[in-house]
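Structural overview for review
Listed below are the residues making up each chain.
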Amino acid sequence: MKEYSKKHLGEFIWVSVMTVLNSIMFVGISLVLQMAIDSAIIGNLKRAIWLSVGFIGVFALVYWLQASSLVKLNQRVIGDIRRNLIKRIFSKNIIDFKKYKETDYISLLQNDIKKIEDTYVETFFSIVGACVQLIFAIIVMTHYSWMFTAVMLGMTMLMFVVPTVFQKKLSKATKECSETQQLMTEGFSEIVYGYEVTKSFHKEDYRSKKFEKRNQLMQEKTKTLELCKQANGGVSNVLAFIMQMVICLLAGWFIYCKKMSYGSMVGVIQVSGSITNPLFQLFTWIPMIKSFAPIWEKIENFSKCSDQKDTIERLSKSKTSWDTISLRNVSFAYPEDEKKVIVDINLDIQKGKKYLIVGESGGGKTTLINVLCGNFTPQNGEILVDGKIHMKTSTFLKTLTAVVWQNIFLFNESIAENIMMGDENNEKLDIIINKACIDDLIMEKGKDYFVGSNGDLLSGGQKQRIAIARALYAQKEILALDEGTSALDPETAKEIEKDILQKEGLTVISICHHVNPEMQKLYDVIWEVKEGKILKKSY
């Protein structure tokens, strides 16, 4: 939170000043009531009315300025938190990103950030206001009589145990509730994305029961959290009531002894509320704001990156010329997994040549592509550029490569936007549409047709052709295809693959299970991969 308070320091100061003024005005009610009542008792009703009306007007203005500026600050802070979190997520490399599930990221962005938006900033300034109100209320109470102040402070010392009791329970309940919300988000995603699978196997009851377990757990954890909040608030309110009753009885005794006017008595009762209310609100708010620690820790953990970061600055400064990329004794294993997926790989990628990778599923082909594209950094061995070690090899490889993955993702945008990805070269787009064989799709639906969430309004083959068009539009020096034409009919797949393989100067690395003999002849080198090793190399 410190970085956001520094960034918006001026607004934080302004909201703090308004909060202080609002708290002072709230305490000032007791003095205004005393003067208004005493004036009315002696017959000066006009003075009493002007005092009341004037104070209400100023109070309303200060309250509005504080509330409106708090809302604006809260939205700016939350906007920055979301913006920074997305920026940090994009700065991760693939391995760092995959340490958490996609639904965990969604839960963080939707559920946890929403909690901060709804509660954190407002509670922070409520604590500031309560502290200021408490200090000024004690000063005013002492103005009436030091005895009132002594009694209230004495009782307060006995009640400081409340925040300590509930703080740990609230933090634990908040953490468990956040973790359960992740499971719920995952459950919702499985229902939506797995809808067709569930229906086709008639497993609605099975999936419903699985979801209900998470639903029950969510109810239990939320109930525990809310009960902790209610217990904390309830105990605080009871203690506040007891303290105020003691003050009322003491004020009555002062009137009986003729040591206080009726107006002063009302003022004392009012200001006692300005002590007890913020005091016990602090007992509620302090544990509440400390209970956010697990969420801030979660944001920090999800934002962490290894030393291998992907940043625009590094990409833009990378070397762009090359002739040969070489892998020498390269091995790779996923984090927290001792088994190596690829082992002692030695190969050369020469600019402009076409390479085919074949082999059984699970043999390490896709992992090898990820290493060649710079997504994965090998634990052992070297990646050389023209025989030399490049200081930023992974970043350099990313600048060279466009990939069509087996599992295609399309954004809920138009066909044109999915292909151009922020670019606006329509002439180039028209050329690529032809090369990727999506002329018929464009004729039928148009470039501006929205494809739906992850392209769910298109067929598998249409999605794959758009993915190929996206890769071709990027005009990278290396094009990698991970079963890039598997969803296409044989004729369209052959036409697209042939066009790609005949492009001079384009380096192609393709993974394929079922190779057309005619297409196989167009590749310069074929590697057979099995159990993470290159068993066979043919030309």
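Structure: above.
Just so we're clear, the structure is a prediction, and the values are computed from it rather than from any experiment.

Now for the packing of aromatic side chains. Evaluated as defined, the whole model comprises 14 aromatic pairs. Between Phe26 and Phe59, the ring centres sit 6.3 Å apart and the planes meet at 70°, which makes this aromatic pair edge-to-face. One end of the pair, Phe26, is in helix α2 (residues 9-41); the other, Phe59, is in helix α3 (residues 45-91), with 33 residues separating them in the sequence. Residue classification places Phe59 among the buried positions, given a relative accessible area of 17%. Look at Phe332 and Tyr334: their rings are 5.1 Å apart centre to centre, the planes differ by 85°, and that puts the pair in the edge-to-face class.

On to the side chain of Thr180. Tracing the sequence through the fold places Thr180 in helix α7 (residues 161-193). Excluding residues within four positions of it along the chain, Thr180 makes contact with Leu217, Met218 and Lys221.

The next point concerns the state of the cysteines. This structure, assessed with the given rule, holds zero disulfides. The thiol sulfur of Cys512 is not disulfide-bonded, and the nearest other cysteine sulfur, from Cys373, lies at 17 Å.

Packing of helix α5 (residues 102-144) against helix α11 (residues 293-303) brings their axes to within 11 Å, and their N-to-C directions diverge by 140°. Judged by the angle between their axes, α5 and α11 are oblique. α11 is crossed by α5, and the crossing has left-handed handedness. In this structure, α5 uses Asp104, Tyr105, Ser107, Leu108, Asp112, Ile113, Lys115, Ile116 and Tyr120 to contact α11, whose residues at the interface are Ile295, Trp296, Lys298, Ile299 and Phe302. Of the residues in the contact of α5 with α11, the class split is nine nonpolar, one polar and four charged.

What follows covers the nonpolar core. By size, the foremost hydrophobic cluster in this structure holds 51 residues, and its most contacted members are Ile81, Ile116, Phe148, Val268 and Ile299. Secondary-structure elements contributing two or more residues to this core are α2, α3, α5, α6 (146-157), α9 (204-256), α10 (262-290) and α11. Ranked by residue count, the leading element in this core is α5, at 14 residues. Residues within four places of Ile299 in sequence aside, it is in contact with Leu85, Leu108, Ile113 and Ile116. In this structure, Met420, Ile432, Leu479 and Ile496 belong to the second largest nonpolar core, which totals 39 residues.

We now examine the packing of α5 against α10. Interhelical geometry of α5 versus α10 gives an angle of 150° and a closest axis separation of 8 Å. Once α5 is placed against α10, the crossing between them reads as left-handed.

Looking now at helix α16 (residues 426-435). Buried within α16 are the following residues: Lys428, Leu429, Ile432 and Ile433. Buried residues in α16, looked at end-on, bunch into an arc of 140°, giving them a common side. At its buried positions, α16 is contacted by α15 (415-420), α17 (439-445) and α18 (460-474). Its side-chain oxygen at 3.4 Å from the backbone nitrogen of Glu427, Asn425 defines the N-terminal cap of α16. Immediately beyond the C-terminal end of α16, within one or two residues, lies Cys437, with a positive phi of roughly 60°.

Conventions we followed
Residues numbered from 1 in each chain as written. Predicted model: local features only at pLDDT ≥ 70, side-chain atom pairs only at ≥ 80, totals over all residues. Heavy atoms only, no water. Phe/Tyr/Trp six-rings, centres within 6.5 Å; stacked < 30°, edge-to-face > 60°. Helix = DSSP H or I, 4+ residues; strand = E, 2+ residues; numbered from the N terminus. Buried < 20%, exposed > 50% of the residue type's maximum accessible area, 1.4 Å probe, protein only. Contact = heavy atoms within 4.5 Å. Disulfide = S-S within 2.5 Å. Axes fitted to C-alpha atoms, helices over the stretch in contact; angles between N-to-C directions. Parallel < 35°, antiparallel > 145°, perpendicular 65-115°, else oblique. Left-handed = near helix turned anticlockwise from the far one by under 90°. Nonpolar A, V, L, I, M, F, W, Y, C, P; charged D, E, K, R; others polar. Core = buried A, V, L, I, M, F, W, Y, C linked by side-chain atoms within 4.5 Å. Arc of directions from axis to C-beta. Polar contact = N/O pair within 3.5 Å; in protein donor to acceptor, adjacent residues only side chain to side chain.

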